[in-house]
Amino acid sequence: MKRAKLKRVPIVFVLVLLFCLPLSTLYSQELLKVSGQVKGKDDGYPIPGVTVSIKGSKTATSTDGDGRFSIQAPKGSVMIFTAIGFEAGETQVSTSQLNVTLIPVSSMLSEVTVVGVSMKKRDLTGSVGHLSGEKIKELPVTSVNQAIQGRIPGVLIQNNDPRPGGNATIKIRGNNSIQFGSNPIYVVDGLVIEDGFNSINPDDIASVDVLKDASATALYGSRGANGVVVITSKKGVKGEGRFDYNAWAGLQSFTRNIQYLNASQIVDLRVDAYANKYMDDNPGSDRQAYINSLLATGSTAFGNDELETYKQGKSYNWLDEIRRQGIQQNHAVGFSKGTEEGSVYVSLNYTNQKGLLKNSNYKRYGGQVNLDQKIKRWLKIGTNTSFSRTEEGYIDGGVFNIAANANPLLAINDTTNYLSWKGIQSTDLYNPVRSLRIDGKGNQNRLLTTNYIVLNPVGGLNIRSGFSADIRNQNYYNYFPRDIGQSLRNSTNGSATHKKDNWLNWQWDNSISYDRNYGRHNFSGLVSFGLTRNNYDYNQITAWGFATDDFSYKYLGGAYLKDKFQLASDFVTNSLISYVARLNYSYDNKYFATLTSRYDGSSRFGNGHRWGLFPSLALSWDIGKEEFMRNLRFDILKVRAGYGIAGNQNIPNFAYRSLYWPQISNNSVTYVSDGRLGNESLRWEKQKQLNFGLDGAILNNRLSFSADYFVIHNDDLLMRRTLSSTTGFSNTIDNVGSLLNKGVEFLVNIQAVKKKEVQWDFSLNISSYKNKITKLYGNVDAIYNFGGFTGVEIQREGNLFLGRSLNSIYTYQFDRVAQESDMERIADIDFGGRTIRPGDIIPIDQNGDRKIDDADRVVVGKTDPKFYGGFSSNLFYRNLSLNAVFNYNYGGRRVNYFYEGLMGGTGEYAGVEDQLDRWTPQNTDTDIPRAYRGAGRYSIGETDYSVQSISFLRLTALTVSYDFKQNFVKKANLRNLKLYFTTSNLFTLTKYKGYDPEGGDGYPTARMFVTGINVGF
């Protein structure tokens, strides 16, 4: 019995020992009360909200508003520090006092400069989109708009001007104005600019923040009503000095080639069009005999030169004669260094692009100097200054369209001044090859400078004063030679134009801010005063009559038709005075509130209406830090709500006054109206915006998301109204109606694989908005846009309808191509004098009154997309990476004028392959109308036939890159070395039947193959 009992005791003891060993080991260690402070490595500022935890334990706390923490931890254990925007840090517990610094990740910056204020990004409440400089570098682009396309939710960028140096249009959260002020402003290191964004070098950008809702944009008041793009340029970082060189070069070609008809097919089309007209007028005649006459000498449909081309089996492509392979290159060097006392960043850049069409080119030279220096412990001064010069070579605006529509039966030459069909020259069709002789040049010099002084007399108190300026002068020159069609048609004997534009925009900003903590309470306040003045002047002269073309536009004194000289000039100034008060409050780093009020006075309104008050309130709650959320394992779960009012004053100067210009007649001076009636009652356009948002992250931030819902009520919309001629004026600017705009935005980032040698992350954003007009003036439910040949025809675009989108398309709706079986059904319909025969277009009789008139026009679509956005994928394997960036747009429609012109052709100029499937008595199962040379039927442009989907999916960039290993880099005395190959706009999936759905029908969009290098010393 004793021996058995002795055997059981060790077994029980061992089991208890194994079970309790971890606890006994833990509690045997010495517990320390560890306290300390967490700061950012780059700026030295305390970081609130840092999660402090013990590795292998559930014990955790977070830092207060001063970045301080206190926690009990076993001696020798490992403490982990994690915070949004910073790399995680670890340190072993060996003492009761710890001071920790965290390194910001490359995708976040801790500070951003807004108008006259430098503040923490955590104080930018509301809806804010972000793009880092590292993400911008993924694309070989030369403008900031191209860099952010499809990458920030709620931001719709359309590259509808793809010529060298062209601007892309940008909308933040859709349309919130009818005619004036639909574009956001750009703030570059605190300086507001409203155009000329291409002068900004993407290589100098450290980050882009897009402020979207009224709370986020409240600091900008009137100028931020349509969103704000905040650009922060690079600065020197602490540590060893750096020298970086980035360069890339690429070859460009058309992204898409239209399948045109060749000469033989054009002959068939023209013969068919003429024969159809002949048979309608002469039923029962011999069609083939008539066709034979058309192909014989003396033809009424063909010139002898065209018939000769046809007989020889030749075909001419005029577009090939004016296009070329584009070449683009970009070079940037940067020097930077930072210390505890200050930093310096200096860069130089050069961009050169030879366009896809001959003589179109663009060059940009620039430099950036960013300096800041502590003079005293309490005094710092700094400057962010950049200079750029751009030089452009223009081609005449009609060159591409004329060449793309040129007659393939006409032999290419540079001797005739006009293109011809049927042997008859058309003075509307200038020879595109000769038009390349037009000498068009332009250049711009621009200086952007922000200079500031910051005083910190006591802890938490910042006094800042800054003066910024945007100084720009632009020159435009062109010369039309004496012997080209443009000069001959207008009898100018050569003409030259000089235009010089000058801008001097400056702003003076002063602010006082204070930040203070009381236990778990954090207060920060700001008051500021700002003054902005914009000055613009221009002068233009056009001279006619030159004895020789030898001097081009460079010698206006050589023009002899002095009585035909045209002179123009103007000087304009407007100003804005602003007062801002802002209060931020947070409790326990979980509950946040921001109250802002801005009071703006604008010179663009008359007395009694110049001042506007624009308040906003934003609230947020970090639910993820609540105790009841601990077990749900959310790294972040934050809800946001904000409401605010913004104002718009972007109307022409002196719109509240009727303007008159002096003229002399019969030796007496008279004053003539410019046609606009002044409106003393003009007032601020107001935008009331409500925003709800949710930010979340799980799995140690490997999956993060952000969602927003917004509702915007736009009232007192500013627009130009047409007036009756009996008033003596043609138009006036007025506050007209209201517009409702609502939408959603969603962003998700996923780190799908995160291993030592393999990493893969994915990002997707999607946005949607809908706008509708909720009120027009008086009892009016529609405002029509009249124009056309007679001036009184309702146009398809530009009309405003109550309850409809601002961007509606209004016309007759295409029903079908008429068949023989339709003749009885439509026999008694009044087509307004038109005759419908098999093969012709039938419009829909919307109201069923058996008559087609204006009452049958309907809204057939809108240019607004149903949703849009982009997605990207980054795959890394050791030192090799594969990056893909896509953007997409779905649901919008647009009139395709280019396709419409080709399809409406009768073989007298270019045609497209679709016309091969046109209706004939032998080919009736088609929706392509028959060819017809003559009037009396509905043309393609009179219905929505050419209103096409502009939905697309584009592979914006696909990049393969290789980062050389550190041991190789160090041996070469380098900091980093990267080589990459990129294809941009590799493919575009779309049903749009033009060159590009974003608007590349006036100048083709380019596909580019790029090789590049990044090297750091």
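In this report, we go over the structure that sits alongside the text. Predicted model only: the values in this text are computed from it and were never measured. (Residues numbered from 1 in each chain as written. Predicted model: local features only at pLDDT ≥ 70, side-chain atom pairs only at ≥ 80, totals over all residues. Heavy atoms only, no water.)

## Focus: the nonpolar core
The nonpolar side chains of a soluble globular protein tend to be buried, and buried together.
Piece 1. Within the largest apolar cluster, 46 residues are counted, with the highest numbers of intra-cluster contacts made by Y260, L319 and Y995.
Piece 2. Listed by contribution, the elements that provide at least two residues to this core are helix 8 (318–322), helix 9 (399–404), strand 22 (418–421), strand 46 (814–817), helix 12 (823–826), strand 47 (841–843) and helix 13 (897–903).
Piece 3. In terms of residue count, the dominant contributor to this core is helix 9 (five residues).
Piece 4. Those residues in contact with Y260, other than ones at most four positions away along the chain, are Q265, L319, A404, F898, L902, A910, G911, V912 and Y995.
Piece 5. Counting residues in each nonpolar core, the second largest holds 27 residues, with I152, V155, I170 and F197 among its members. (Core = buried A, V, L, I, M, F, W, Y, C linked by side-chain atoms within 4.5 Å. Buried < 20%, exposed > 50% of the residue type's maximum accessible area, 1.4 Å probe, protein only. Helix = DSSP H or I, 4+ residues; strand = E, 2+ residues; numbered from the N terminus. Contact = heavy atoms within 4.5 Å.)

## Description of the environment of H498
Piece 1. Here H498 is to be found in strand 26 (residues 495–518).
Piece 2. Among the residues examined, H498 registers a relative accessible area of 16% and is labelled buried.
Piece 3. When residues no more than four places from it in sequence are discounted, the contact partners of H498 are Y476, Y477, N539, Q540, I541, Y553 and L556.
Piece 4. Reaching out from H498, the side chain makes a polar contact with the backbone oxygen of Y553 at a distance of 2.6 Å. (Polar contact = N/O pair within 3.5 Å; in protein donor to acceptor, adjacent residues only side chain to side chain.)

## Some words on the sheet that holds strand 7 (residues 97–102)
Piece 1. If you trace the three strands from one edge of the open sheet to the other, you get 4-1-7, paired in mixed fashion. Of all strands in the sheet, those with a lone pairing partner are strand 4 (68–74) and strand 7, marking the two edges. Within the sheet, the average angular offset between the axes of one strand and its neighbour, ignoring direction, is 35 degrees.
Piece 2. Strand direction decides the pairing type here: strand 1 (residues 31–40) and strand 7, joined by six bridges, are parallel. Within the sheet, the bridge partner assigned to V38 lies in strand 7 and is V100. (Pairing = 2+ DSSP bridges. Axes fitted to C-alpha atoms, helices over the stretch in contact; angles between N-to-C directions.)

## Examining helix 7 (residues 304–311)
Because the α-helix completes a turn every 3.6 residues, residues three or four places apart line up on one side.
Piece 1. Within helix 7, burial applies to E306, L307 and T309. In an axial view of helix 7, the angular spread of the buried residues amounts to 155 degrees, which keeps them on one side of the axis. In helix 7, the exposed residues that point more than 90 degrees away from the buried face are N304 and K311.
Piece 2. In this structure, the buried side of helix 7 is in contact with helix 5 (263–281), helix 6 (287–294) and strand 22.
Piece 3. Backbone geometry just after helix 7 places G313 at a positive phi near 70 degrees. (Arc of directions from axis to C-beta.)

## Details of the pattern of salt bridges
Piece 1. With the rule as written, the count across this model stands at 46 salt bridges.
Piece 2. Here R270 makes a salt bridge to E306, at a shortest N to O gap of 2.9 Å. Placement of R270 in helix 5 and of E306 in helix 7 is noted, with a sequence separation of 36 residues between them. No difference in accessibility class separates R270 from E306, as the two residues are buried.
Piece 3. Put simply, D854 and R857 hold a salt bridge, and the shortest N to O gap is 2.9 Å. (Salt bridge = Lys/Arg side-chain N within 4 Å of Asp/Glu carboxyl O.)

## Quick look at the sheet that holds strand 34 (residues 676–677)
Across a sheet, paired strands are connected by hydrogen bonds in the backbone, their directions being either parallel or antiparallel.
Piece 1. What the three strands build is an open sheet, ordered 34-38-37; its pairing is mixed. Across the chains shown, the open sheet's two edge strands, defined by having one partner strand only, are strand 34 and strand 37 (718–722).
Piece 2. Where strand 37 and strand 38 (residues 731–735) come together, five bridges link them in antiparallel fashion. By the bridge assignment for strand 38, M719 is matched with D734.

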